[in-house]
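Chains, contacts and geometry: an overview
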Amino acid sequence: MQMRILGTNNGSEMFNPKISIMKVDVHAVNFTVDRKLVDFIQERMDKLEKYYDRVVSADVFLKVERTSDKENKVVEIKINVPGDDFLVKKQCKTFEEAIELSAESLERLLVKRKEKIRTHI
């Protein structure tokens with residue numbers, strides 16, 4: 001899996017040399033994401049490939065909403081599979097929790113997609 005980090009405030013990009021089919025782009029909106037969080041995202045996205053191996057790419061958007069609410073971390077994950085796009089959005093207290101919940105939702109969607117394709121073959 002190739003991981004690319006895109007920040008809106010510094011314009012820097014980093015590439016992970018690990019090679020795979022799925023490309024993952026991490027977009028941090030108005031803040032700089034730390035390496036620990038990027039590694040967590042990459043590990044979690046790698047696990048999605050065991051549920052459906054035809055995922056082409058994933059875009060992960062990290063946002064902090066300006067509210068007094070404790071659950072102000074928003075994660076949107078958009079994955080592209082041949083013929084479809086899946087979008088999951090979660091809002092939690094931490095980015096890790098939101099990523100985990102989003103990935104679990106995507107796992108269920110990918111399993112349904114795989115079963116749907118099997119029944120049509």
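As shown above, the structure is provided for reference.
All of the points below concern the structure found in this document. Bear in mind the structure is a predicted one, so any value in this text is a computation, not a measurement. Residue indices begin from 1 for each chain and proceed along its sequence in written order. Given that the model is predicted, a residue must reach a pLDDT of at least 70 before its local features are reported, and side-chain atom pairs must reach 80 or more before they are shown or counted; all residues, however, enter totals for whole chains, interfaces and linings. Values shown for side chains rest on all heavy atoms present in the structure; no hydrogens or waters enter the calculation.

1. Considering the pairing of strand β4 (residues 73–81)
Residues in a regular strand project their side chains so that they alternate between the two faces of the sheet. Each residue is assigned to one of three classes by its accessible area relative to the maximum for its type, calculated with a 1.4 Å probe on protein chains only: buried under 20%, partly exposed between the two thresholds, exposed over 50%. Runs of E in the DSSP output that reach at least two residues are strands. Runs of H or I that reach at least four are helices, and both are numbered from the N terminus. Along β4, seven of the nine residues are buried, which leaves the element largely enclosed by surrounding structure. Here, strands pair whenever DSSP counts at least two bridges between them. In terms of strand pairing, strand β3 (residues 57–64) meets β4 through eight bridges, oriented antiparallel. Bridging from a neighbouring strand, A58 pairs with I79 of β4. Strand direction decides the pairing type here: β4 and strand β5 (residues 84–92), joined by nine bridges, are antiparallel. In the sheet register, I79 faces β5, and the bridge partner there is F86.

2. Notes on the nonpolar core
Within soluble globular proteins, side chains that are nonpolar generally end up buried alongside one another. The biggest cluster of nonpolar side chains holds 28 residues, and the ones touching the most others in it are I41, M45, V60, L62, V75, I79 and L110. Every element with two or more residues in this core is listed here: β2 (23–28), α1 (35–48), β3, β4, β5 and α2 (95–120). Contact partners of L110, with chain neighbours within four places excluded, come to L48, Y51, Y52, V55, I79, V81 and F86. As used in this record, nonpolar core signifies buried Ala, Val, Leu, Ile, Met, Phe, Trp, Tyr and Cys residues forming a set joined through side-chain atoms within 4.5 Å. Whether two residues are in contact is decided by their heavy atoms: any pair within 4.5 Å suffices.

3. What to know about the pairing of β2
Within β2, five of the six residues are buried, leaving the element largely enclosed by the surrounding structure. As paired strands, β2 and β3 are joined by six bridges and run parallel to one another. The partner of V26 across the bridge, within β3, is V60. For the handedness criterion, the β-α-β arrangement of β2, α1 and β3 is classed as left-handed. Look down the strands so they point away from you; if the path from the first strand over the helix to the second goes clockwise, the crossover is right-handed.

4. What to know about the packing of aromatic side chains
Think of it this way: a Phe, Tyr or Trp ring, Trp meaning its six-membered ring, pairs with another when their centres are within 6.5 Å, and the plane angle makes it stacked under 30 degrees, edge-to-face over 60, tilted otherwise. Within this structure, the stated rule accounts for one aromatic pair. On the basis of an interplanar angle of 15° and a centroid distance of 5.5 Å, the ring pair of F31 and F95 is categorised as stacked. With F31 in the loop between β2 and α1 and F95 in helix α2, this residue pair connects regions lying 64 residues apart in the sequence. Its relative accessible area of 17% is what places F31 among the buried residues. Residue F95 is classed as buried on the basis of its relative accessible area, which comes to 9%.

5. Things to note about α2
A helix is expected to span 1.5 Å for every residue after the first. Here α2 contains 26 residues, and its C-alpha end-to-end distance of 37 Å stays within 8% of the 38 Å for a straight helix at 1.5 Å per residue. The complete set of buried residues in α2 reads F95, A98, I99, S102, A103, S105, L106, E107, L110 and R113. The inward-facing, buried residues of α2 abut α1, β3, β4 and β5.

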